[in-house]
Amino acid sequence: MSSEGKQYRFATQVVTVENPDDPHHAASVPIYQSATFKQTSASAGGQYDYSRSGNPTRTQLENHLAKVMGAKRALAVTSGMSALDVIARLVRSGEEIIVGDDLYGGTNRLLEFLQKSQNIKTHHIDTTRADSILTYLDPVKTRLVILETPTNPLIKIADIPAITRHVKEKCPNALVVVDNTMMSPYLMRPLEMGVDIEYHSGTKYLSGHHDLMAGVLGTKREDLADQLYYVINATGCGLGPFDSWLLLRGIKTMAVRMDKQQASAIRICQYLEHHGLKVHYPGSKKHPQYELHKRITTGPGAVLSFETGDIGISERIVEAAKLWSISVSFGCVNSLISMPCRMSHASIPASVRAERALPEDVIRLCVGIEHVDDLIDDLEQALISAGVVEEKPAASST
């Protein structure tokens, strides 16, 4: 939204940062690298006094985030897990949390800690079936329903509008929370589906360069924003000014980055399916929830996974890749490859991974902005090296 009230398209919104309070009209938001701020009198405090409570650079970032997320207020913290921890502090001992059964390892670890230390029980359900939540909804005990969609790494899709309706009908005091890291506000708008809190690892697509750690929370409810801010101020996990500036800069290129990454991911999915591999990607018409995902988003994103049927083969593919870096995380301009059960989800015990049908051989691809033909060529040589596909015969010179 511009100062005149015109509604711009997303790619324009992300690159347009309004900073009307800057007396020097800087083209780039200044970095207020200061821990404290001088006051004008002994009794009257200004808007800022101590950067734990607030900083002008962070304020500009949060205002911009609120605009691009469609939130009443947005808040920036030190990591995606900090964002979830802030939300989890709204839950009291004896209350319950409902989450999916295909879950990021760090989220699983935090919820296990809460169950052991705070007597906050977690129910894991199949979020691909909206009605599976009905058994676990308790008007008194249920406090949070946390959804990841697409899930990581099996790319399962949750029907956010349907699940939100169930929660609001049976548990009006419960909060529906969506981890929108994998889609970003560019491709999915959870707050417009009735969700109470949307959060992100800002380290991923919002930043896009893997040069900072950050977490983001957004809500349309002023009362919830006040509660979340209270926790952030009390615990001191607000994002620092330099990281706020880096994140603000990264957000400006989010649309152009994701357009490129998504287009490449679609090509890579087609290549892998052509070779008979089982691919998990909502941009594939073979995905069982292709139509649902299409209904609640504006694109399939740039994270996909595939199975080889053999752990050893998967290891050889990952280790033979040259252009794809072996690394956790996603959303970076560089393409990444990993085996989640050995890396990002290794903190989930093997027995639990088996219960949740998480294949040990699954490979996750996080597509960057390199030329797609180079990415496919590198995947092909890795698949050849692992014996998955045959090497093409050399062209005859005659």
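So, here's what we can say about the structure. (Residues numbered from 1 in each chain as written. Predicted model: local features only at pLDDT ≥ 70, side-chain atom pairs only at ≥ 80, totals over all residues. Heavy atoms only, no water.)

## Notes on the overall build of the chain
1) Next: Helix and strand counts for the chain stand at 13 helices and twelve strands.
2) Next: Over its C-alpha trace the chain gives a radius of gyration of 22 Å, about what one expects of a compact globule, namely 21 Å for 398 residues.
3) Next: Taken along its principal axes, the extent of the C-alpha atoms in the chain is 90 × 55 × 35 Å.
4) Next: Nonlocal contacts in the chain, meaning residues at least 24 apart in sequence, comprise 71% of its contacts between residues at least 6 apart.
5) Next: Here the chain has roughly 17,700 Å² of accessible surface; of this, 51% comes from carbon and sulfur atoms.
6) Next: Computing the positive centroid from 41 side-chain charges and the negative centroid from 45, the chain places the two 4 Å apart. (Helix = DSSP H or I, 4+ residues; strand = E, 2+ residues; numbered from the N terminus. Rg over C-alpha atoms; globule rule 2.2 N^0.38 Å. Contact = heavy atoms within 4.5 Å. Areas by Shrake-Rupley, 256 points an atom, 1.4 Å probe, with all protein chains shown as cover. Lys, Arg positive; Asp, Glu negative; His and termini not counted. Charge placed at Lys NZ, Arg CZ, Asp CG, Glu CD.)

## Structural notes on the layout of surface pockets
Over the atoms a probe the size of a water molecule is rolled, and this reveals where empty space is left.
1) Next: Considering only enclosed or pocket space, the largest pocket measures out at about 450 Å³ in volume.
2) Next: Looking at the largest pocket, it is lined by 23 residues, and the ones nearest its centre are Y104, S201, K204, S329 and F330.
3) Next: Here the element with the most residues in the lining of the largest pocket is helix 3 (residues 80-88); it accounts for three residues.
4) Next: Taken together, the residues of the lining of the largest pocket break down into nine nonpolar, ten polar and four charged. (1 Å grid on protein atoms, 1.4 Å probe; cavity = no way out; pocket = protein on both sides within 12 Å on 5 of 7 lines; lining within 4 Å. Points joined across faces, edges and corners; volume = space filled by probe spheres on them. Nonpolar A, V, L, I, M, F, W, Y, C, P; charged D, E, K, R; others polar.)

## Describing the sheet that holds strand 8 (residues 278-280)
1) Next: Overall, mixed pairing links the five strands, which are arranged 8-9-12-11-10 in an open sheet. Because the sheet does not close on itself, it has two edges, and the strands there are strand 8 and strand 10 (325-326).
2) Next: The pairing of strand 8 with strand 9 (residues 303-307) spans three bridges and is classified as antiparallel. Looking across to strand 9, one finds that K278 is bridged to E307. (Pairing = 2+ DSSP bridges.)

## Notes on the pattern of salt bridges
1) Next: Within the structure shown, the criterion is met by 15 salt bridges.
2) Next: In this structure, the salt-bridge partner of R189 is E192, at a minimum N-O distance of 3.3 Å.
3) Next: A relative accessible area of 21% places R189 in the partly exposed class.
4) Next: Taking the relative accessible area as the measure of exposure, E192 reaches 54% and is therefore exposed.
5) Next: Among the ionic pairs, R342 bridges to E315, the shortest N-O distance being 2.5 Å. Taken together, the positions of R342 in the loop between strand 11 (336-338) and helix 12 (350-355) and E315 in helix 11 (residues 311-320) put the pair 27 residues apart, joining distant regions of the chain.
6) Next: One connected set of salt bridges, linked through shared partners, spans K168, D196, R221 and D223. (Salt bridge = Lys/Arg side-chain N within 4 Å of Asp/Glu carboxyl O. Buried < 20%, exposed > 50% of the residue type's maximum accessible area, 1.4 Å probe, protein only.)

## So, empty space enclosed by the protein
1) Next: Applying the stated rule across the entire model yields one cavity of 30 Å³ or more.
2) Next: Its volume calculated, the largest cavity comes out at about 40 Å³.
3) Next: If you go around the largest cavity, the residues you meet are D101, D102, L103, H345, I348, R353, R356 and L358.
4) Next: For the lining of the largest cavity, the per-class residue count stands at three nonpolar, one polar and four charged.

## Some points on the sheet that holds strand 7 (residues 215-219)
1) Next: Here we have seven strands laid out as an open sheet, ordered 1-7-6-5-4-2-3, and mixed in their pairing. The sheet is open, and its two edges are formed by strand 1 (73-77) and strand 3 (121-125), each paired on a single side. Adjacent strand axes in the sheet meet at a mean angle of 20° when their direction is disregarded.
2) Next: Where strand 1 and strand 7 come together, five bridges link them in antiparallel fashion. When the bridges of strand 7 are listed, R73 appears paired with T219.
3) Next: Docked against the sheet, helix 7 (residues 222-235) engages strand 1, strand 4 (142-148), strand 5 (175-179), strand 6 (197-201) and strand 7, running at close to 15° with respect to strand 1. (Axes fitted to C-alpha atoms, helices over the stretch in contact; angles between N-to-C directions.)

## A look at the nonpolar core
1) Next: In this structure, L247, I268, L272, L304, W324 and L365 are the most contacted members of the largest nonpolar core, which totals 85 residues.
2) Next: Among the elements that take part in this core, helix 9 (residues 254-274) stands out by supplying eight residues, more than any other.
3) Next: Dropping the residues within four chain positions of it, L247 is found in contact with L61, G202, L206, S207, L212, A214, V216 and L239.
4) Next: Listed in part, the 28 residues of the second largest apolar core include V99, L144, V177 and C237. (Core = buried A, V, L, I, M, F, W, Y, C linked by side-chain atoms within 4.5 Å.)

## Focus: the packing of aromatic side chains
1) Next: A full pass over the atoms with the stated rule returns four aromatic pairs.
2) Next: Seen in terms of ring centroids, Y205 and F330 are 5.9 Å apart; in terms of plane orientation they differ by 50°. Their pairing is tilted. With Y205 in the loop between strand 6 and strand 7 and F330 in the loop between strand 10 and strand 11, the pair connects residues that are 125 residues apart, well separated along the chain. Residues Y205 and F330 agree in their burial class; the two are buried.
3) Next: Relative to W245, the ring of F242 lies with its centre 6.1 Å away and its plane at 20°, an arrangement referred to as stacked. Separated by three residues within a single helix, F242 and W245 lie in helix 8 (residues 241-251), roughly one turn from each other.
4) Next: A residue is classified by how much of its surface remains accessible, and F242, at 43% relative accessible area, is partly exposed.
5) Next: A residue is classified by how much of its surface remains accessible, and W245, at 19% relative accessible area, is buried.
6) Next: The ring of F330 carries the charged tip of K204 above its face, separated from the ring centre by 5.6 Å. (Phe/Tyr/Trp six-rings, centres within 6.5 Å; stacked < 30°, edge-to-face > 60°. Lys NZ or Arg CZ within 6 Å of the ring centre and 35° of its normal.)

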